[in-house]
Amino acid sequence: MTQTQTLVDHFEDKGTPVLDRLKIFYCCPVPPHWAIQRQLASLLIDLGCTSSALQVFESLEMWEDVVICYERTGQHGKAEDILRRELEKKETPTLYCLLGDVLRDHQYYDKAWELSRHRSARSQRSKGLLHLRNKEFQQCIDCFERSVMVNTMQLGVWFSLGCAYMALEGYEGAAKAFQRCVGLEPDNAEAWNNLSTAYIRLKQKTKAFRTLQEAIKCNYEHWQIWENYIVTCTDVGEFAEAIKAYHRIMDMKDKYKDVEILKILVRAVVEGLENSRGGQASALKGKLQELFGRVTSKTTSDGEIWRQYAKLYGDGKSEKLEDNEKALQFLAKAHRCETQANGWEKNIDSFKVVMKGAIELAHVSISCSKSKSNPQEAVQMLSSARLNLRSLSSKAKQMYMDVATGEIHSDLADDVRTLENLVIELQEMTSQLRNQ
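Residues numbered from 1 in each chain as written. Predicted model: local features only at pLDDT ≥ 70, side-chain atom pairs only at ≥ 80, totals over all residues. Heavy atoms only, no water.

### Regarding the overall build of the protein
- Across its full length, the protein carries 23 helices and zero strands.
- Over its C-alpha atoms the protein spans a radius of gyration of 36 Å, topping by over 25% the 22 Å that the globule rule assigns to 436 residues.
- Viewed in the frame of its principal axes, the protein has a C-alpha envelope of about 120 × 60 × 40 Å.
- Here the protein holds 436 residues, and 43% of them are scored as buried. (Helix = DSSP H or I, 4+ residues; strand = E, 2+ residues; numbered from the N terminus. Rg over C-alpha atoms; globule rule 2.2 N^0.38 Å. Buried < 20%, exposed > 50% of the residue type's maximum accessible area, 1.4 Å probe, protein only.)

If you want it as structure tokens, here you go:
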């Protein structure tokens, strides 16, 4: 700002002879005096010196800037007086647009539009923004469409037009508007992200995937874009990209978790679903196990994540003994998380879920105990499973048994019988191992 002020002062310096100035006049593109003054006033506004800027604009008779200064300082009456005074001298579309901005009245934008013979993009833009502020989306779209027909190089108008279409669920119009946005400004991450949302609504998932890749290039640190990206990856079968994206989100949000995404990835790997390129998702098993290792190191209290981790290792039905033991370990952690949750036993649905998990854990324990060479380890494994089942059976009778009839709630009766039969089976197996 000091340099600009010095330049302004030099224009008025009469110490240097005119002939000396003219010698180098054509050596550089000397801007006019008013242009330098306007630049100085703009810098003053940026620094918050609105009153000083106002004086400069008034001396230059730049009424649009004068009105903006008055608006910033809350002097709406003075802004209106100046505009009406200038309109008495000569009516112009710009002055009517400014008056519409001050009074927030549509009629002045309409007058500017008619006065310009339908060539004032500014009048329709301002009118559209006023409709947008009032959430009148259809009128807003009509105004913005007229504005961009006059001047297509309006990035902000295209973006607002896309948002208005999205609000009315006009996703084709939104896609066209955001396409123009990214055409004018290819590094606009928000426009790319909104364009992908429009494509998703139009069921064009592949296009959405590509546009989100562009959005990430523009803003690598925006976790919401990454979140949209990971969902789209799973939709189009880009499972490897989804795993990478999950890692990236965890880099930004340490304890991030999305159980639904993890379920989809586990299902894709376990069932060997085809990816977008025709390959088998089962090839990603190692990378997904690595991801689960990272997730469970940060989120230790979510039973469903542990259960999915166990499924990734075969749910105790693998041919590899190591995988079965890991699955058993993860199922035990899942059961522990579920039983430590507050109030799980008070809801019959959550109680059933916990019981089914305990039954599954018992079956895996039986399977793993048979592969143990040391009977003591097998006994310990079976005893732990038996204690879990007994505890659940007792709690079910305590919470859901009818005192008068002595019968357990019908929704839990079958599961409780299964628990009791398993307890007997585990007791017999333990006795046999101890007698060896």
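### Re the packing of aromatic side chains
- Summed over all chains, the structure comprises twelve aromatic pairs.
- With a centroid separation of 5.8 Å and an interplanar angle of 80°, the aromatic rings of Trp 226 and Tyr 229 are classed as edge-to-face. Of this pair, Trp 226 and Tyr 229 both sit in helix H15 (residues 223-236), three residues apart, which is roughly one turn of that helix.
- Judged by relative accessible area, Tyr 229 falls into the buried class, the value being 3%.
- Centre to centre, the rings of Trp 344 and Phe 351 are 5.2 Å apart; their planes meet at 35°, and the pair counts as tilted. Here Trp 344 matches Phe 351 in class, with each residue buried.
- Grouped by ring-pair contacts, the aromatic residues Phe 292, Trp 306, Tyr 309, Tyr 313 and Phe 330 constitute a single cluster.
- The ring of Trp 63 has Arg 85 lying over it, and the distance from NZ or CZ to the ring centre is 5.2 Å.
- Its end group placed over the ring of Trp 223, Lys 253 keeps NZ or CZ at 3.6 Å from the ring centre. (Phe/Tyr/Trp six-rings, centres within 6.5 Å; stacked < 30°, edge-to-face > 60°. Lys NZ or Arg CZ within 6 Å of the ring centre and 35° of its normal.)

### A word on the pattern of salt bridges
- Within this structure, the stated rule accounts for 22 salt bridges.
- Between Arg 85 and Glu 86 there is a salt bridge whose closest N-O contact spans 3.5 Å.
- Accessibility expressed as a relative area gives 38% for Arg 85, which makes it partly exposed.
- Lys 397 is the partner of Glu 420 in a salt bridge, and the nearest nitrogen-oxygen pair spans 2.8 Å. Of the two residues, Glu 420 is situated in helix H23 (residues 410-435) and Lys 397 in helix H22 (residues 375-400); the sequence distance between them amounts to 23 residues.
- Several salt bridges converge on common partners, so that one network encompasses Glu 221, Arg 248, Asp 251 and Arg 294. (Salt bridge = Lys/Arg side-chain N within 4 Å of Asp/Glu carboxyl O.)

### Focus: the side chain of Asp 65
- Relative to the helices and strands, Asp 65 is located in helix H5 (residues 63-72).
- Discounting residues that sit within four places of it in the chain, Asp 65 has contacts with Arg 38 and Phe 57. (Contact = heavy atoms within 4.5 Å.)

### So, the packing of helix H12 (residues 171-184) against helix H13 (residues 189-201)
- It is at 9 Å that the axes of H12 and H13 come closest, and there the two elements cross at 155°. In this view, H12 runs roughly antiparallel relative to H13, as classed from their interaxial angle. Crossing hand, H12 versus H13: left-handed. On the side of H12, the interface is formed by Tyr 171, Ala 174, Ala 175, Phe 178, Gln 179, Cys 181 and Val 182, while H13 contributes Ala 191, Trp 192, Asn 194, Leu 195, Ala 198, Tyr 199 and Arg 201. (Axes fitted to C-alpha atoms, helices over the stretch in contact; angles between N-to-C directions. Parallel < 35°, antiparallel > 145°, perpendicular 65-115°, else oblique. Left-handed = near helix turned anticlockwise from the far one by under 90°.)

### Things to note about a nonpolar patch on the surface
- On the surface, Val 18, Leu 19, Leu 22, Phe 25, Tyr 26 and Val 30 cluster together into a nonpolar patch covering about 690 Å² of accessible area.
- Taking relative accessible area as the criterion, Val 30 reaches 39% and is therefore assigned partly exposed. (Patch = residues over 30% accessible without salt bridge, like charges linked within 9 Å, V, L, I, M, F, W, Y side chains within 5 Å. Areas by Shrake-Rupley, 256 points an atom, 1.4 Å probe, with all protein chains shown as cover.)

### A word on helix H8 (residues 106-115)
- Within H8, the full set of buried residues consists of Tyr 108, Tyr 109, Ala 112 and Trp 113. The buried residues of H8 all sit within an arc of 145° when viewed along its axis, so they share a single face.
- Where H8 is buried, its residues meet helix H6 (76-89), helix H7 (93-103), helix H9 (121-133) and helix H10 (137-150).
- Residue Arg 117 follows H8 closely and has a positive phi angle near 60°. (Arc of directions from axis to C-beta.)

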